[in-house]
Amino acid sequence: MNGLRLPAARRAPLLLLAITLAWLLAAFLLRDGRAVGLFHDDGIYVAAAQSIANGDGYRIPNLPGELWQTKYPVLFPALLALVWKLFPVFPANAYAFQALVTLFGAALIPLSYLVARRLFRMAENPALAVAGLLAASPWFLGLTRWVLTELPYATAAIGALLLCERTFAAAGRRATGPALLAGLAVAAGCLLKSQGIALAAAVLTLLLAQRRWREAAGFFAGWIPLPALGLGWQLAHADPAASPLLDYYLSYRSSMLDFAAGGGLGQAATTAGTAVAVFAQNLGRALLHFSTFLALPEAMPGGLRATLIAALLAAGLALAWRRGARLTALFFLYFLASTLVMPWEPLRYLIPLLPLVLALAALAFESAALRVAGRNAPDGEIVRRRMRLARSLALGVGLVACAIGLGREALTYRPAAVPEYVQWSAPWRDWQGFAETIDWLRAHTRPEDVVASPLDPFYYLHTGRRGVRYWFHNPQTYFYPAHAAPQLGSVAEIAPELRRLGVRWLIREPALQDFYAESAAADALALELVASPLTGGRLVFRSRDAGHFIYRLDWPGAPDGVGFPAGGVAPVAGPRPAPISIARGPGAR
């Protein structure tokens with residue numbers, strides 16, 4: 001049996017390689033390029049990448065007027081633009097975009113092992129278990145379908161965290177060169193995701209608290225130029241005259257800033273109370289999401305699960321702090337706080353913390369196992385044997401969980417279905433209705449036409465028709481309180497803006513009822529819009545699954561029924577298509 005054992009120096013790398021390759025194989029076999037654009041944000045990233053690749057600059061080409069992109073940092077779309085250059089045909093290149101995100105995710109698996117092993121000073125087997133549990137997570141695997149920044153940022157942030165912990169580990173060091181390089185590494189994360197500032201804040205907090213002024217100055221000098229350039233770009237290219245319907249695409253003004261700002265001294269208390277309520281509700285949701293990361297049974301009462309996770313993470317953070325991983329603990333708390341203050345459902349934004357949640361939980365369990373092993377033990381050898389057994393069991397649990405998790409997702413995958421949010425299982429709607437809608441738009445609309453739709457970037461990528469969502473973005477009304485009533489604006493407010501943008505077609509999508517928090521309210525608003533005399537809406541298409549409806553907007557008083565914009569966007573030109581009767585997808589009765 002001894003001859004079958006792996007050499008100690010090779011054991012961990014080989015097991016990490018096996019876990020990573022198994023995860024990559026699952027991601028490859030279960031890939032689905034049709035998902036690209038259905039999240040909405042991912043479609044905006046890919047459309048911006050197309051603009052960069054075509055030499056048109058960092059714009060939002062799916063919007064009327066192709067405005068400058070001033071909301072999202074540029075690095076991720078720039079990486080996607082390189083992919084677009086190599087594979088310039090959509091949707092054939094959708095798999096290449098997903099492959100890029102998947103490679104970032106694969107790198108995160110060994111990085112999670114290094115966090116547990118080097119930063120938390122855990123034994124090898126529990127650290128390997130952390131990597132296995134990460135690979136088994138459906139949230140982690142599911143994100144490979146969505147072209148979003150979460151996995152690239154998580155990899156960049158954990159890599160920069162490891163570098164910073166190593167660079168600033170010795171309190172006596174005063175070298176500015178390594179600090180400057182660490183600042184550059186953290187700045188790269190800021191160009192992937194605005195929340196990257198959380199790691200920079202953690203580093204500066206630690207260095208300033210330890211009075212390490214020279215290193216703090218070096219880090220700041222390395223970090224600040226890139227975020228400052230990004231902020232300067234946003235300020236220089238902001239368009240204050242843009243339609244309020246475009247606020248969501250251009251900045252966080254319609255959510256974060258409006259949410260944070262009171263309407264005067266009289267509203268200050270109300271605004272503060274709302275902020276506290278949002279923070280508290282998001283904290284409860286985050287703890288429940290963390291419990292799903294750790295696979296706690298959902299049959300357990302939510303309050304009990306949240307309490308257990310809070311206690312477990314608190315214990316893990318205290319242990320990490322005592323073991324010297326103070327920067328990691330600060331980053332976890334700062335990033336979590338930055339997520340909780342946003343008026344959004346926090347799940348997606350918590351994904352970058354997934355490796356740390358698993359590692360902190362494993363650290364707490366390892367510490368508890370050590371205490372148990374030391375009870376009633378007559379000598380140290382028995383304690384060591386018990387700990388070896390406990391660590392071997394931890395590794396076994398991690399590897400078995402990895403195998404079961406990947407196998408389950410493979411068995412529940414349906415090739416004919418569109419995936420649900422970030423999970424692979426429980427597909428929510430067949431693809432056919434989307435395909436019928438895409439085909440109809442290509443056949444019956446002109447390339448210059450503007451389409452209002454919940455999935456405007458998705459339809460732009462597939463048809464070339466620019467578009468916009470037909471409601472005002474107020475995310476704080478989508479989730480808070482728990483049973484909120486989304487406030488999307490009125491027909492009297494929205495119809496003039498749609499006309500100003502030259503919108504000719506409006507798509508209702510009941511297929512999305514369970515996908516976005518505001519989906520039901522948006523569908524009801526669409527019905528009001530097309531029924532209003534302000535728009536002259538007329539039904540011209542219905543998909544076979546009754547999940548997609550297209551209406552033509554014949555604006556009253558406009559030449560040829562077209563809503564010419566007041567300015568800023570070129571009017572629709574060219575021959576008008578012949579009158580179209582109500583159509584259904586192929587095979588419809």
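Residues numbered from 1 in each chain as written. Predicted model: local features only at pLDDT ≥ 70, side-chain atom pairs only at ≥ 80, totals over all residues. Heavy atoms only, no water.

*Asks:* Honestly, the overall build of the protein in this entry has me stumped. Any pointers?
*Replies:* Summing up its helical and strand segments, the protein has 24 helices and eight strands in all. By residue count, 52% of the 589 residues in the protein fall in the buried class. Of all intrachain contacts in the protein linking residues separated by at least 6 positions in sequence, the fraction that spans at least 24 positions is 72%. As displayed, the protein offers around 24600 Å² of accessible surface, 65% of which is attributable to carbon and sulfur atoms. (Helix = DSSP H or I, 4+ residues; strand = E, 2+ residues; numbered from the N terminus. Buried < 20%, exposed > 50% of the residue type's maximum accessible area, 1.4 Å probe, protein only. Contact = heavy atoms within 4.5 Å. Areas by Shrake-Rupley, 256 points an atom, 1.4 Å probe, with all protein chains shown as cover.)

*Asks:* Where do I start with the environment of Arg 285 in this structure?
*Replies:* Relative to the assigned elements, Arg 285 resides in helix α14 (residues 265-293). When its relative accessible area of 16% is taken as the criterion, Arg 285 is described as buried. In this structure, the C-alpha to C-alpha distance between Arg 285 and Leu 340, residues 55 residues apart in sequence, is 9.3 Å.

*Asks:* Looking at this structure, how should I read unusual backbone geometry?
*Replies:* With the exception of glycine, the majority of residues adopt a negative phi angle, and the majority of peptide bonds are in the trans configuration. Each neighbour pair has its own omega, and for Phe 90 with Pro 91 the value is 10 degrees, a cis peptide bond. Within the secondary structure, Pro 91 is located in the loop between α3 (75-86) and α4 (94-119). Positive phi values are uncommon outside glycine, yet His 40 reaches one of about 90 degrees. For His 40, a relative accessible area of 0% corresponds to the buried category. Positive phi values are uncommon outside glycine, yet Glu 66 reaches one of about 45 degrees. In this structure, Glu 66 sits in the loop between α2 (41-53) and α3.

*Asks:* Hey, could you run me through the confidence of the model for the protein in this one?
*Replies:* Low-confidence regions, as indicated by low pLDDT, have predicted coordinates that should not be scrutinised in detail. Of all residues in the protein, 78% have pLDDT values of 70 or greater, and the mean over the chain is 82. By mean pLDDT, the top-scoring element of the protein is strand β3 (residues 450-452) (98), and the lowest-scoring one is strand β1 (residues 417-418) (42). Confidence over residues 414-428 falls short of pLDDT 50; this stretch has 54 contacts with residues more than four positions distant or in other chains. (pLDDT = per-residue confidence, 0-100.)

*Asks:* Even after reading the chapter, I still don't get the nonpolar core, so can you show me in this structure?
*Replies:* Within soluble globular proteins, side chains that are nonpolar generally end up buried alongside one another. Ranked by internal contacts, the top residues of the largest apolar core, which has 171 residues, are Phe 219, Phe 290 and Phe 331. A per-element tally of this core places α4 first, with 13 residues. Once you skip the residues sitting within four places of it in the chain, Phe 219 turns out to touch Cys 164, Phe 168, Ala 179, Leu 180, Ala 182, Gly 183, Val 186, Ala 200, Val 203, Leu 204 and Leu 207. (Core = buried A, V, L, I, M, F, W, Y, C linked by side-chain atoms within 4.5 Å.)

*Asks:* Help me understand the environment of Phe 76, please; the structure alone is not making it clear to me.
*Replies:* Positionally, Phe 76 belongs in helix α3. By relative accessible area, Phe 76 is classed as buried at 0%. Measuring from C-alpha to C-alpha, the distance between Phe 76 and Thr 149 comes to 6.8 Å, with 73 residues separating the pair along the chain. Sequence-distant contacts of Phe 76, that is, excluding residues within four places in its chain, are made with Tyr 45, Val 101, Val 147, Leu 148, Thr 149, Pro 152, Leu 191 and Leu 192.

*Asks:* What is the right way to read a nonpolar patch on the surface from this model?
*Replies:* Judged by side-chain polarity, Leu 14, Leu 17 and Leu 21 come together as a nonpolar surface patch covering roughly 270 Å² of accessible area. Relative to the helices and strands, Leu 14 resides in helix α1 (residues 8-29). (Patch = residues over 30% accessible without salt bridge, like charges linked within 9 Å, V, L, I, M, F, W, Y side chains within 5 Å. Salt bridge = Lys/Arg side-chain N within 4 Å of Asp/Glu carboxyl O.)

*Asks:* Explanation requested: the packing of helix α9 (residues 197-209) against helix α10 (residues 213-223) in the structure shown.
*Replies:* The description of two packed helices rests on the angle between their axes and on the distance between the axes. Where α9 contacts α10, the two axes come as close as 8 Å, and the packing angle between them is 160 degrees. What the angle tells us is that α9 and α10 run roughly antiparallel. Handedness of the α9/α10 crossing: left-handed. Where α9 abuts α10, its residues Ile 197, Ala 200, Val 203, Leu 204, Leu 207 and Leu 208 lie against Trp 213, Glu 215, Ala 216, Phe 219, Phe 220 and Trp 223. (Axes fitted to C-alpha atoms, helices over the stretch in contact; angles between N-to-C directions. Parallel < 35°, antiparallel > 145°, perpendicular 65-115°, else oblique. Left-handed = near helix turned anticlockwise from the far one by under 90°.)

*Asks:* Explain the pattern of salt bridges to me, please; I cannot follow it from the model alone.
*Replies:* Opposite charge on two side chains permits pairing when their charged atoms draw close. Here the structure, examined in full by the defined rule, presents 15 salt bridges. As a salt-bridge pair, Arg 552 and Asp 554 come within 3.2 Å of each other at their nearest N and O atoms.

*Asks:* Got a minute to help me understand the pairing of strand β7 (residues 549-553) in this structure?
*Replies:* A regular strand carries its side chains on alternate faces of the sheet. Most of β7 sits out of view: five of its five residues are buried. Burial along β7 is two-sided: Phe 549, Tyr 551 and Leu 553 facing one way and Ile 550 and Arg 552 facing the other are all buried. In this structure, strand β5 (residues 503-508) lies alongside β7, joined through four bridges in antiparallel fashion. Considered in β7, the bridge of Leu 506 is made with Tyr 551. By the bridge criterion, five bridges tie strand β6 (residues 537-542) to β7 in an arrangement that is antiparallel. Note that in β7 the partner of Gly 537 across the bridge is Leu 553. The loop that links β6 with its antiparallel partner β7 comprises six residues; one of these, Ala 546, has a positive phi angle of about 55 degrees. (Pairing = 2+ DSSP bridges.)

*Asks:* Explain helix α23 (residues 491-500) to me, please; I cannot follow it from the model alone.
*Replies:* Given 3.6 residues per helical turn, the α-helix brings residues three or four places apart onto the same face. Of the residues making up α23, those classed as buried are Val 491, Ile 494, Ala 495, Glu 497 and Leu 498. One side of α23 carries all its buried residues, which in axial view fall inside an arc of 165 degrees. Buried residues along α23 sit against β3, β4 (466-468), β5 and α24 (519-531). One or two steps after α23, the chain reaches Gly 502, where phi turns positive at roughly 75 degrees. (Arc of directions from axis to C-beta.)

*Asks:* Help me understand the packing of α2 against α3 in this model?
*Replies:* Contact geometry of α2 with α3 gives a least axis separation of 8 Å together with a crossing angle of 65 degrees. Both α2 and α3 take part in a crossing whose hand is right-handed. Mapping the contact onto sequence places Tyr 45, Val 46, Ala 48, Ala 49, Gln 50, Ile 52 and Ala 53 in α2 and Phe 76, Pro 77, Ala 78, Leu 80, Ala 81, Trp 84 and Lys 85 in α3. Of the residues belonging to the contact of α2 with α3, the class tally is twelve nonpolar, one polar and one charged. (Nonpolar A, V, L, I, M, F, W, Y, C, P; charged D, E, K, R; others polar.)

*Asks:* Looking at this model, I keep getting lost on the packing of aromatic side chains. Mind explaining?
*Replies:* Evaluation of the coordinates by the stated rule reveals 22 aromatic pairs. Between Trp 84 and Phe 90, the aromatic rings sit 6.5 Å apart at their centres with planes inclined by 5 degrees, giving stacked as the arrangement. Like Phe 90, Trp 84 is buried. Clustering of aromatic rings is evident, with ring pairs tying together Trp 431, Phe 434, Phe 458 and Tyr 459. Seen from the ring of Phe 28, Arg 31 lies directly overhead, with NZ or CZ sitting 4.1 Å from the centre. One Lys or Arg, Arg 469, reaches over the ring of Tyr 516 and ends 4.9 Å from the middle of that ring. (Phe/Tyr/Trp six-rings, centres within 6.5 Å; stacked < 30°, edge-to-face > 60°. Lys NZ or Arg CZ within 6 Å of the ring centre and 35° of its normal.)

*Asks:* Explain helix α5 (residues 124-136) to me, please; I cannot follow it from the model alone.
*Replies:* With 13 residues, α5 extends 19 Å between its outermost C-alpha atoms, agreeing within 8% with the 18 Å of an ideal straight helix rising 1.5 Å per residue. Within α5, twelve of the 13 residues are buried, which leaves it mostly tucked inside the rest of the structure. When we look at burial in α5, the residues that qualify are Glu 124, Asn 125, Pro 126, Ala 127, Leu 128, Ala 129, Val 130, Ala 131, Gly 132, Leu 134, Ala 135 and Ala 136. (Expected span 1.5 Å × (residues − 1).)

*Asks:* What is the right way to read the side chain of Glu 497 from this model?
*Replies:* In this fold, Glu 497 is placed in helix α23. Other than its neighbours up to four places away in sequence, Glu 497 contacts Ser 243, Pro 244 and Leu 245.

*Asks:* Would you explain the side chain of Gln 98 in this entry?
*Replies:* Its place among the elements puts Gln 98 in helix α4. Gln 98 sits in the buried class, given a relative accessible area of 3%. Beyond its immediate chain neighbours, meaning those up to four positions away, Gln 98 contacts Arg 31, Asp 32, Gly 33, Ala 35, Val 36, Thr 144, Arg 145 and Val 147.

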